[in-house]
Amino acid sequence: AQSVTQPDIHITVSEGASLELRCNYSYGATPYLFWYVQSPGQGLQLLLKYFSGDTLVQGIKGFEAEFKRSQSSFNLRKPSVHWSDAAEYFCAVVTYNQGGKLIFGQGTELSVKP
Amino acid sequence: DAGVTQSPTHLIKTRGQHVTLRCSPISGHKSVSWYQQVLGQGPQFIFQYYEKEERGRGNFPDRFSARQFPNYSSELNVNALLLGDSALYLCASNGGGSNSPLHFGNGTRLTVT
């Protein structure tokens, strides 16, 4: 069965520091992978997606993620974090022909220190 | 363009009651999916509808049901509410394909007392 693991429940970084959020997936074929961000009391906003091709994908708000098949990982990165990036981040995978059935990780809460 | 809209935003119900949550997808999107997000966890898939047909169902009891209307809006119904049904219920829409990202609404916060 497909699954997504986000090993870090909570991460704190200083404003201006770099950020990497980890995501590992379990899926037999090439997955479609996503990162979403959720602010308190809000829905989820899509940051970026990977379907195929270039394994380094760029997203909104200066985020990027790298797909590494050998490690079954899709880590999210940002070179310089802003205070407004504090939120919950979710990694998700979708199975082929099940376009509405995303499987989410448990999320990583990001806090930003001034 | 309007995004995915959900109503109501907040709801308080008593155990045993039923509830109906509503969702309007982004214009042009024919697929609607429902997710339950319990506090501190990632969203869990409940249903997907495409062109008014159920395309998928998650591991939820029969107390949960949904439907999609000709205008592609959708309702999620939950009967015989339990305390454990308290959650944020998210609706999402997309074009229907696996490579069509889901766009989420802000959710309905359901509290069961």
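Structure first, text after, so check above.
Residues numbered from 1 in each chain as written. Chains lettered and ligands numbered in written order. Predicted model: local features only at pLDDT ≥ 70, side-chain atom pairs only at ≥ 80, totals over all residues. Heavy atoms only, no water.

Novice: Explanation requested: the state of the cysteines in the structure shown.
Specialist: Covalent bonding between the sulfur atoms of two cysteines defines a disulfide. Residue and element names in this part refer to chain B. With the rule as written, the count across this model stands at two disulfides over all chains. Covalently, Cys-23 is tied to Cys-91 through a disulfide, its sulfur atoms 1.8 Å apart. When the S-S torsion is -65 degrees, as for the bridge of Cys-23 with Cys-91, the disulfide is left-handed. In this pair, Cys-23 sits in strand β3 (residues 19-24) while Cys-91 sits in strand β9 (residues 87-94), placing the two residues 68 residues apart along the sequence. Like Cys-23, the residue Cys-91 is buried in the burial classification. (Disulfide = S-S within 2.5 Å. Helix = DSSP H or I, 4+ residues; strand = E, 2+ residues; numbered from the N terminus. Buried < 20%, exposed > 50% of the residue type's maximum accessible area, 1.4 Å probe, protein only.)

Novice: Would you mind going over the side chain of Thr-108 of chain A with me for this structure?
Specialist: All names here are of chain A. Checked against the element boundaries, Thr-108 lands in strand β12 (residues 108-113). There is a polar contact of 3.4 Å between the side chain of Thr-108 and the side chain of Gln-6. For Thr-108, the contacting residues outside a window of four places in its chain are Gln-6, Asp-8, Ile-9, Ile-11, Leu-21, Ala-87, Glu-88 and Tyr-89. (Polar contact = N/O pair within 3.5 Å; in protein donor to acceptor, adjacent residues only side chain to side chain. Contact = heavy atoms within 4.5 Å.)

Novice: Looking at this structure, I do not really get the pairing of strand β7 (residues 64-68) of chain B. What am I missing?
Specialist: Within a regular beta strand, the side chains point alternately toward one face of the sheet and then the other, so they alternate between its two faces. Residues and elements named next belong to chain B. By the alternation rule, side chains of β7 split into Phe-64, Ala-66 and Gln-68, which are all buried, and Ser-65 and Arg-67, of which none is buried. Here five bridges tie β7 to strand β8 (residues 74-78), and the two strands are oriented antiparallel to one another. What sits directly across from Ser-65, in β8, is Asn-77. Hairpin connection, β7 to β8: the antiparallel pair is bridged by five residues, and Tyr-72 has positive phi, about 75 degrees. (Pairing = 2+ DSSP bridges.)

Novice: Sorry, what's going on with the pairing of strand β6 (residues 53-57) of chain B here?
Specialist: All names here are of chain B. Bridging between strand β5 (residues 44-50) and β6 involves four bridges; their strand directions are antiparallel. Residue pairing in the sheet places Gln-48 in a bridge with Gly-56 of β6. Connecting the antiparallel pair β5 and β6 is a turn made up of two residues, with Glu-51 showing a positive phi of about 50 degrees.

Novice: Honestly, the nonpolar core in this entry has me stumped. Any pointers?
Specialist: As a rule of thumb, nonpolar side chains are buried together in soluble globular proteins. Residues and elements named next belong to chain A. By size, the foremost hydrophobic cluster in this structure holds 27 residues, and its most contacted members are Leu-19, Trp-35, Leu-47, Leu-48, Phe-74, Leu-76 and Tyr-89. Elements represented by at least two residues in this core include exactly β2 (10-14), β3 (19-21), β5 (32-38), β6 (44-50), β8 (64-68), β9 (73-78), β10 (87-94) and β12. Residue contributions to this core peak at four residues, all from β10. (Core = buried A, V, L, I, M, F, W, Y, C linked by side-chain atoms within 4.5 Å.)

Novice: Which parts of the structure should I look at to understand the sheet that holds β7 of chain B?
Specialist: Sheet strands line up and pair through hydrogen bonds in the backbone, either parallel or antiparallel. All names here are of chain B. Strand order in the open sheet formed by four strands is β1-β3-β8-β7, with antiparallel pairing between adjacent strands. One side of each edge strand has no neighbouring strand; the edge strands of this open sheet are β1 (5-7) and β7. Sheet twist, expressed as the mean angle between neighbouring strand axes with direction ignored, is 15 degrees. (Axes fitted to C-alpha atoms, helices over the stretch in contact; angles between N-to-C directions.)

Novice: Would you explain the environment of Gly-42 of chain B in this entry?
Specialist: One can find Gly-42 of chain B in the loop between β4 (31-37) and β5. When its relative accessible area of 5% is taken as the criterion, Gly-42 of chain B is described as buried. Separated by 32 residues in sequence, Gly-42 of chain B and His-10 of chain B have C-alpha atoms that sit 19 Å apart. If near-sequence neighbours (up to four positions away) are discounted, Gly-42 of chain B is found in contact with Phe-90, Phe-104, Gly-105 and Gln-106 of chain A together with Gln-36 and Gln-37 of chain B.

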